[in-house]
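# Coordinates in review
Spelled out from the first residue to the last, the chains are:
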Amino acid sequence: AFHNFSTAVPSLMGALLKKSPSILKTVVTFGAGVFQERMCVVKEGHILWWDKEKTTKDDQEVSGAINFLINKAVCEVDPESPNIF
């Protein structure tokens, strides 16, 4: 996604757990399937995410992206957990 972008800009890459929207998956897995791991990168005003098990090649498209240069966003801390926002 960033093949032609500057490499001088710092980036952040890691894994996040996203809540599954599927009630059926939550019930079938007895709650174990509530969260799904997604890899993500924050770089040059964008966040991209993908499923590392499904996206195995460098030229595959990511699952989603948000451009913060054109989309307003607010990150709010969950007062009940330091790891949730």
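Residues numbered from 1 in each chain as written. Predicted model: local features only at pLDDT ≥ 70, side-chain atom pairs only at ≥ 80, totals over all residues. Heavy atoms only, no water.

### Points about the overall build of the chain
Tallying secondary structure elements over the chain gives one helix and four strands in all. Across the chain, helices and strands are ordered from the amino to the carboxyl terminus as β-α-β-β-β. Considering the chain as a whole, with its 85 residues, one finds that 22% of them fall into the buried category. Intrachain contacts of the chain at a sequence separation of at least 6 include 31% that bridge at least 24 residues. As displayed, the chain offers around 7,200 Å² of accessible surface, 59% of which is attributable to carbon and sulfur atoms. (Helix = DSSP H or I, 4+ residues; strand = E, 2+ residues; numbered from the N terminus. Buried < 20%, exposed > 50% of the residue type's maximum accessible area, 1.4 Å probe, protein only. Contact = heavy atoms within 4.5 Å. Areas by Shrake-Rupley, 256 points an atom, 1.4 Å probe, with all protein chains shown as cover.)

### Quick look at the layout of surface pockets
Here the largest pocket is characterised by a volume of approximately 630 Å³. Those elements that place two or more of their residues in the lining of the largest pocket are β1 (11-19), β2 (35-43) and β3 (46-50). For the lining of the largest pocket, the element with the highest residue contribution is β1, accounting for five residues. Classifying every residue of the lining of the largest pocket by side-chain character gives 14 nonpolar, one polar and four charged. (1 Å grid on protein atoms, 1.4 Å probe; cavity = no way out; pocket = protein on both sides within 12 Å on 5 of 7 lines; lining within 4 Å. Points joined across faces, edges and corners; volume = space filled by probe spheres on them. Nonpolar A, V, L, I, M, F, W, Y, C, P; charged D, E, K, R; others polar.)

### Considerations on the environment of I84
Note that I84 resides in the segment after β4 (64-67). Since its relative accessible area comes to 43%, I84 is described here as partly exposed. Sequence spacing of I84 and L17 is 67 residues, and the spatial spacing of their C-alpha atoms is 9.4 Å. Not counting chain neighbours up to four residues away, the residues in contact with I84 comprise E76, V77 and D78.

### Brief notes about the confidence of the model for the chain
In this model, the chain carries an average pLDDT of 81, and 84% of its residues clear a pLDDT of 70 or more. Mean pLDDT values for the elements of the chain range from 71 in helix α1 (residues 23-28) up to 92 in β4. (pLDDT = per-residue confidence, 0-100.)

### Structural notes on the sheet that holds β4
With antiparallel pairing, four strands are arranged side by side in an open sheet as β1-β2-β3-β4. The two strands at the open ends of the sheet, each matched to only one other strand, are β1 and β4. In this sheet, adjacent strand axes meet at a mean angle of 20° when their direction is disregarded. Alignment of β2 against β3, held across five bridges, turns out to be antiparallel. By the bridge assignment, V42 is partnered in β3 with I47. (Pairing = 2+ DSSP bridges. Axes fitted to C-alpha atoms, helices over the stretch in contact; angles between N-to-C directions.)

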